[in-house]
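Chain and residue survey
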Amino acid sequence: MKLSFWPFDLKLKHTFTISRSSRDVSPVVLVELEHEGIVGYGEAAPTRRYGETIETVMAFLGSLDLSGYSSPFDLENILNAVDSRAPGNTSAKAAVDIALHDWIGKKLNIPLYRYWGLDKSKTPLTSFTIGIDRPEIIEQKVREAEAFPILKVKLGGPNDEEIIKTIRGVTRKTIRVDANEGWKTREVAVEKIKWLEQEGVEFVEQPMPAEDLEGTAWVRERVHLPLVADENSLRLHDVPKLQGVFDGVNIKLMKCTGLREGMRMIAAAKACGLRIMAGCMIETSVAISAAAQLSPLIDWADLDGAILTTNDPFDGANIEEGKLILPERQGIGVERRR
Ligand code: MG
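Just so it is clear, the structure is predicted and the values come from calculations on it, not from any experiment.

What follows deals with the domain arrangement of the chain. Examined at the domain level, the chain breaks down into domain 1 (2-109) and domain 2 (115-336). Using only C-alpha atoms to locate each centre, domain 1 and domain 2 end up separated by 22 Å. Taken together, the contact between domain 1 and domain 2 spans 46 residues of the former and 51 residues of the latter. Summed over both sides, the interface of domain 1 with domain 2 buries roughly 3,800 Å², with 60% coming from carbon and sulfur. Counting the surface domain 1 buries against domain 2, the share from its top three residues, His 14, Tyr 41 and Tyr 50, is 15%. Counting across the interface, domain 1 meets domain 2 through five salt bridges. Note that Arg 260 and Glu 76 form a salt bridge whose closest N and O atoms lie 3.0 Å from each other. Taken together, the links from domain 1 to domain 2 amount to 20 residue pairs in polar contact (both at pLDDT 80 or more). Elements with a contribution of two residues or more to the side of domain 1 that touches domain 2: strand E1 (2-18), strand E2 (21-35), strand E3 (38-44), helix H2 (75-85) and helix H3 (90-108). Here the side of domain 1 that touches domain 2 is composed, by residue class, of 18 nonpolar, 13 polar and 15 charged.

Cut-offs and rules
- Along every chain, residues carry numbers that run from 1 in the direction the sequence is written.
- Local features are withheld for residues below a pLDDT of 70 in this predicted model, meaning they are given only at 70 or higher, and side-chain atom pairs are given and counted only at 80 or more; totals for whole chains, interfaces and linings count all residues.
- Note that the side-chain values use all heavy atoms of the structure and ignore hydrogens as well as water.
- Residue ranges for the domains trace back to a domain assignment, done automatically or taken from a database.
- In what follows, a contact means two residues having at least one pair of non-hydrogen atoms within 4.5 Å.
- In this description, buried area is defined as the sum, over both parts, of the accessible area (probe of 1.4 Å) that is lost when the two are combined.
- When a carboxyl oxygen of Asp or Glu lies within 4 Å of a side-chain nitrogen of Lys or Arg, that pair is called a salt bridge.
- A 3.5 Å cut-off defines polar contacts: any pair of N or O atoms within that distance qualifies, except that in protein one atom must be a possible hydrogen donor and the other a possible acceptor, and neighbouring residues in sequence count only when both atoms are side-chain atoms.
- Counting from the N terminus, the helices are the DSSP runs of H or I reaching at least four residues and the strands are the DSSP runs of E reaching at least two.
- Each residue is assigned to one class: nonpolar for Ala, Val, Leu, Ile, Met, Phe, Trp, Tyr, Cys and Pro, charged for Asp, Glu, Lys and Arg, and polar for all the others, Gly among them.

Set out below in structure tokens:
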């Protein structure tokens, strides 16, 4: 088994701003796992919030030795070894996980959703993300998102009211709000959510800092909108702690080490009575299409990372009027663009 990997700069259509950061280019690491003439693709989209950079991903992948394994079908042993090599490094681990799954699907000549027995007609609608911006840019983005029935709006800054007012001046479509831990006290969070209840909002993601689970539970008792964990739901072991604090969980391959653990988080969330969202970072169609393969199992999708970019080197899962469309291709379903 041969693992190769290289950094790639994904360029964004618009400067992307959330409550803690802002950027025009989003670097990722692309991975190829080659065995018996078949290539599985993988991707790491590291974020500093979780202690990763391009350099840490390159170093982690460079430290792996897969030569002792006979085939990617040894996935469970391989991924256990990769995970125990060092703590963290979750996007680097996800890159290996995605490439192994892609290889297996290609070897078996089936898309992963079919390997898992899922119904591709059950993929959910995905939202289109509107980052924090000036009103004229927000208006422009809302117009660009015309084909999407649901908007995901980044709040958690000083001009939350202005952003929502600007969007509501253009459209009445459903809004999902992501505060990215931006509301620092429970009183502020309750006040903001109560106001959002009047504005056609479906749910609020991560209203409070991840350290303040107790505060989040306090907020949840005082509002009606469902609360969805993101910065609080990294890996499988986080899921049970969310019961009674959140109503749903945002699972991202880059936080949870990939499809193997993502699948287990879905099962755990269902067992805990939590609703399930699949989210993404700014990613190419490799990681997006991998997550889309799981999406018939989830309630809400936010898998727009690739369409916010201008130089995605892959073609994969598509989005038609907001609905995720899984291609009839093997594995994660991607092909290099020519
Ligand atoms: Mg989020």
